[in-house]
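The chain contents come next:
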Amino acid sequence: MKIIAGPASKELGTRVAKLLNAEPVSVFSKTFPDGESYVRLEGSVESENVVIVQTTSPPQDNRLIQLALIADAAKRNGAKKVTAVVPYLAYARQDKVFLQGEAISIEAVAKMLKAAGIDSLLTVNVHQEKVLEKFPFPAKNLSAIPLLAEYFTKEKVVKEAFAIAPDKGAVYIAEQARKVLGGECGYLEKHRDRYTGQVSVEKGEFNVKGKTAIIFDDIISTGGTIVAAAKILHELGAGRVYAACVHPLLVGDAEKRIREAGVEDIVGTDSVQSSVSKVSLAPLIAKELKELLSG
Ligand code: R5P
């Protein structure tokens, strides 16, 4: 197996290659003055199972094109099979038509990746797992929530914390965290205005008074969801409030706003390299690749 650490996931890709003892193939990339992307593989992939590690966090369009170009280069240079490891899968939230006239963005992205030469895909905490069923190649989702919860038990020595999902659709995330944290879990009711993007969050049926609460979400983008959830948890008398997410996009001043809302710490993964990326996805991805390629 050969691992290509794409320009967006150089560190993570290198960690995965090390854990697997797999040969890394470096890729040269640049952007032309007019904004177009360019890639060139700097090693042989002839007759190999090739894994491309490339997250597609902002700038999403640029990183998706880089991924497609690397897949094309791999196939053109004789790769037997190309597996894309895309920890943060861009466009996954537009997984249906919400307002008439919209595209199903994630389906368009999947078709584009297939056309570029990708044979299978591995992602982490995709917004809705069922979206992967519509992909034109095998696609699997892994969950990093247990790793994030473990960080709290080991590094923060938090005991029996209350795991909170910011909306009902994410309750499975809070459930996964609860299993590791050993406390209770619950969810808030979130509403997002489809035209303005404004988020409002309502209380759920649970008691966090005096307890340590950890809000678990797949993505932190503008921080609006976590800020609204943290305010409610403080109103409900939570002792300490933390936030954990798999994909810390942290757009603009999201981190500052979250801290100002009384969140003691934010813990994210290296799906998106950021100031809060304290947990690495490398062991999770390496374990899965090992099983995939031995089976
Ligand atoms: C959406 O439902 C996701 O699970 C996240 O809650 C959302 O993407 C977070 O976005 P923001 O940080 O902008 O509120």
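Cut-off values and rules
- Residues numbered from 1 in each chain as written.
- Predicted model: local features only at pLDDT ≥ 70, side-chain atom pairs only at ≥ 80, totals over all residues.
- Heavy atoms only, no water.
- Patch = residues over 30% accessible without salt bridge, like charges linked within 9 Å, V, L, I, M, F, W, Y side chains within 5 Å.
- Areas by Shrake-Rupley, 256 points an atom, 1.4 Å probe, with all protein chains shown as cover.
- Salt bridge = Lys/Arg side-chain N within 4 Å of Asp/Glu carboxyl O.
- Helix = DSSP H or I, 4+ residues; strand = E, 2+ residues; numbered from the N terminus.
- Buried < 20%, exposed > 50% of the residue type's maximum accessible area, 1.4 Å probe, protein only.
- Axes fitted to C-alpha atoms, helices over the stretch in contact; angles between N-to-C directions.
- Parallel < 35°, antiparallel > 145°, perpendicular 65-115°, else oblique.
- Left-handed = near helix turned anticlockwise from the far one by under 90°.
- Contact = heavy atoms within 4.5 Å.
- Nonpolar A, V, L, I, M, F, W, Y, C, P; charged D, E, K, R; others polar.
- Core = buried A, V, L, I, M, F, W, Y, C linked by side-chain atoms within 4.5 Å.
- Domains from an automatic or database assignment.
- Buried area = accessible area lost by both parts, 1.4 Å probe.
- Polar contact = N/O pair within 3.5 Å; in protein donor to acceptor, adjacent residues only side chain to side chain.

Draft legend 1. Geometry of a nonpolar patch on the surface. On the surface, M1, L292 and L293 cluster together into a nonpolar patch covering about 210 Å² of accessible area. The residue M1 is located in the segment before β1 (2-5) in this model. On the basis of relative accessible area, M1 is assigned to the partly exposed category, the value being 31%.

Draft legend 2. Summary view of the packing of helix α4 (residues 145-154) against helix α5 (residues 171-181). Relative orientation of the contacting elements α4 and α5 amounts to 40°, with a least axis distance of 8 Å. As the angle between them shows, α4 and α5 are arranged oblique. Here α4 runs over α5; the crossing is right-handed. Where α4 approaches α5, its residues I145, P146, A149, E150, F152 and T153 are matched on the opposing element by I173, Q176, A177, V180 and L181. Split by residue class, the contact of α4 with α5 holds eight nonpolar, two polar and one charged.

Draft legend 3. Focus on the nonpolar core. Counting residues in hydrophobic clusters, the biggest one holds 39 residues, and the most contacted among them are I3, L181, I214, F216 and L289. Both domains that furnish three or more residues to this core are identified here as domain 1 (2-143 + 281-294) and domain 2 (145-270). Leaving out residues up to four positions away in the same chain, L289 has contacts with M1, I3, V16, L20, V51, V85 and L122. Membership of the second largest hydrophobic core comes to 38 residues, among which are L67, A90, A110 and F135.

Draft legend 4. Quick peek at the domain arrangement of the chain. Here the domain parsing of the chain yields domain 1 (2-143 + 281-294) and domain 2 (145-270). Listed by partner, the interface residues are 16 residues for domain 1 and 15 residues for domain 2. With both chains or domains summed, domain 1 and domain 2 bury close to 1,400 Å², and 59% of this area falls on carbon and sulfur atoms. At the junction of domain 1 and domain 2, the tally comes to one salt bridge. Across the pair D270 and R15 runs a salt bridge, and its minimum N-O distance is 2.4 Å. The interface formed by domain 1 and domain 2 contains seven residue pairs in polar contact (both at pLDDT 80 or more). Here the residues of the side of domain 1 that touches domain 2 are counted per class, giving 10 nonpolar, four polar and two charged.

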